[in-house]
Amino acid sequence: MAEQIKTNRPYPIQLKLRDGRSAAIRVMEPGDLDRIIDFARNLPADDLLFLRTDITDRHVVQQWIDNIKNGHTITLLAEVDGELAAYASVHLDQARWTRRVGEIRIITSSRYRGAGLGRRLAAEVFDLARSLGLKKITAQMTTDQSAARAAFEHLGFQVEAILSDWVEDRRGRARDLLIMSYDVNGFSDHVVA
């Protein structure tokens, strides 16, 4: 069993948001299971529709926590006035040939959108990616998640691929999958045809 990922930065930390509020950022722990489920159950239905996993399901969140314990995932939680407001995760690929690639997942409660919290969490997980030796970070979403795509493009992510009818939403409808990536070191190999 791998060991839980250690960070170079001492958490918890405090971040000042655009609206003047302060957010406490800390590493997710096994005891956060019920807080994650409560957070997920309070998300708008449209947000839940596009999540890769059903984080309202206790078993799914337990698997997430097991991945944290085993060193496959690191998750930062953002709390504002004691309320869970957002999270950001880096999921590490266990395949040898993609071990330098991590997938980022960020979600912010609708009450805290527009305050810069998601962007600040993204900066934190980029720093984590660097400290873990990752070279690329990917983000995956459906093509109709235009706000998410715009947010990731604003962070410097670029479209890598669009896979037609690759995923199925919670209502059983086929959706196109958009894969975006961010080059952690600021450069990328490009094949010239």
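Computed from a predicted structure; not experimentally measured.

Caption draft 1: Region of interest: the nonpolar core. Ranked by size, the top nonpolar core spans 37 residues in total, and within it I25, L117 and F157 carry the most contacts. Those elements that provide at least two residues to this core are β1 (13-16), β2 (22-27), β3 (73-80), β4 (83-92), α4 (117-131), β6 (136-142) and β8 (174-183). Here this core gets 7 residues from one element, more than from any other, and that element is α4. Residues within four places of F157 in sequence aside, it is in contact with I104, F126, I137, T138, A139, F152, M180, S181 and Y182. Core analysis: the second largest hydrophobic core is formed by 17 residues, A40, L48, V61 and I68 among them.

Caption draft 2: Representation of unusual backbone geometry. Cis geometry is adopted by the peptide bond preceding P12, which originates at Y11 and carries an omega value of 10 degrees. Along the polypeptide, P12 turns up in the segment before β1. You will see that D81, though not glycine, has its phi angle at about 50 degrees, which is positive. In this structure, D81 sits in the loop between β3 and β4. For D81, a relative accessible area of 75% translates into the label exposed. Even without being a glycine, D165 presents a positive backbone phi close to 50 degrees. Among the secondary structure elements, D165 is positioned in strand β7 (residues 158-168).

Caption draft 3: Fine view of the side chain of R26. In this fold, R26 is placed in strand β2. Of the polar contacts made by the side chain of R26, one reaches the side chain of D32; its length is 2.6 Å. If near-sequence neighbours (up to four positions away) are discounted, R26 is found in contact with Y11, P12, D32, R35, T75, L76, L77 and E79.

Caption draft 4: Layout of helix α3 (residues 58-69). Counted at 1.5 Å a residue, the expected span for α3 with its 12 residues is 16 Å, and the 16 Å between its end C-alpha atoms agrees. Those residues of α3 that are buried lie in contact with α1 (33-41), β3 and β4. The N-cap residue of α3 is D57: its side-chain oxygen and the backbone nitrogen of H59 are 2.7 Å apart. Looking one or two residues past α3, G71 carries a phi angle of roughly 80 degrees, positive in sign.

Caption draft 5: Local environment of the packing of aromatic side chains. What the rule picks out here adds up to 6 aromatic pairs. Aromatic pair F157 and Y182: ring centres 5.5 Å apart, planes at 40 degrees, arrangement tilted. Remark: Y182 occurs in strand β8 and F157 occurs in the loop between α5 (146-154) and β7; sequence separation between them is 25 residues. In this structure, F157 and Y182 share a single accessibility class: buried. Within the aromatic cluster, the residues linked to one another by ring pairs are F126, F152, F157 and Y182.

Conventions we followed
Residues numbered from 1 in each chain as written. Predicted model: local features only at pLDDT ≥ 70, side-chain atom pairs only at ≥ 80, totals over all residues. Heavy atoms only, no water. Core = buried A, V, L, I, M, F, W, Y, C linked by side-chain atoms within 4.5 Å. Buried < 20%, exposed > 50% of the residue type's maximum accessible area, 1.4 Å probe, protein only. Helix = DSSP H or I, 4+ residues; strand = E, 2+ residues; numbered from the N terminus. Contact = heavy atoms within 4.5 Å. Polar contact = N/O pair within 3.5 Å; in protein donor to acceptor, adjacent residues only side chain to side chain. Expected span 1.5 Å × (residues − 1). Phe/Tyr/Trp six-rings, centres within 6.5 Å; stacked < 30°, edge-to-face > 60°.

What is shown is where atoms sit, not what they do.
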